[in-house]
Structure formats: C-alpha cells, structure tokens
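Structure at a glance
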Amino acid sequence: MVQQDDVIERTSIVTYALLEELHTVLADSAKPDETSLGVIMGLAMFLDEKIGPMRSQKLMSQAPGIILKTDAHVTDELMQRFAPVLRAFGTHLADFATAAAPARPLTKVI
C-alpha cells in the first residue's frame, strides 16, 4: 500500500505513466527526437510557471541524486495501478488529436 509520506515516489510514478501515454499519442516515428524535446520543453515550462526558474534550477540539480539514491524505475505493478485513468486520458487525447477541428481565429491582437 502506498504511504502518505512517499509523495516523490507517487508523483514520479504518475508523471512517468502520464508521459508514457502522452508519448504514445504524440510520437511521430519520422521525428522521434522532436517528441522527446517537446516533453522536456513542456516540463521545463511547467516547472518555471509553477515554482519559478530559480527553484526549478535548484530542484533539477537535485534530481539526479534523488534518482540515483532511490534506484528510480517504474515497475509493471506500479504502472498498472495508475494505468486505467491515464490510458483513458491518452485515448481521449488521441481521439481529440485525430478529430478534424476547424482552425480557431486568434483572439489576441499583437
């Protein structure tokens, strides 16, 4: 059973599983590195917005130590705990991405 004090582990597992689903939806076999770079860029943008660039830099510098210290990897069992909801989200994104949506007009004047 997952304990309340393992926030880093739970968050990591959910993030990993979510990124797996997103990668499946967004991956372009002709440009695989662009998908990976987009994930990195999106994560950096998220961190900058949520915690600021200075704290982001500090936390990112600590990340390798945390990963090495905890022998970070997501087991199949852990993935199965979070997979149903995240897979449904991924399916929804895939359906959304394949639906032909008309271009929205810009609402912001530059």
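The text that follows walks through the structure, step by step, so that each part is easy to find. Counting starts from 1 at the beginning of each chain's written sequence and moves along it residue by residue. Under the rules for a predicted model, residues below a pLDDT of 70 receive no local features and side-chain atom pairs below 80 are neither given nor counted, while totals for whole chains, interfaces and linings still include all residues. Note: side-chain values were computed over all heavy atoms of the structure, leaving out hydrogens and water.

1. Side note on the side chain of Glu21
By the criteria applied, helices consist of DSSP H or I runs no shorter than four residues and strands consist of E runs no shorter than two, each listed in order from the N terminus. Within the element layout of this structure, Glu21 appears in helix α1 (residues 7–26). Using a 1.4 Å probe on the protein chains alone, a residue whose accessible area is under 20% of its type maximum counts as buried, one over 50% counts as exposed, and one in between counts as partly exposed. Since its relative accessible area comes to 15%, Glu21 is described here as buried. Every residue pair with non-hydrogen atoms within 4.5 Å of one another is taken to be in contact. If sequence neighbours within four positions are ignored, Glu21 has contacts with Leu86, Arg87 and Gly90.

2. Concerning helix α2 (residues 32–51)
Compared with an ideal rise of 1.5 Å per residue, which puts 20 residues at 28 Å, α2 spans 29 Å between its outermost C-alpha atoms and is within 8% of the ideal. Where α2 ends, the next residue or the one after it, Gly52, has phi of about 90°, a positive value. Each residue after the first adds 1.5 Å to the expected span of a helix.

3. A look at the environment of Glu9
Structurally, Glu9 is set in helix α1. According to the relative accessible area criterion, Glu9 is partly exposed, its value standing at 38%. Along the backbone, Glu9 and Val74 are 65 residues apart, and their C-alpha atoms lie at a distance of 9.4 Å.

Remember that the coordinates give geometry; whether it matters functionally is a separate question.
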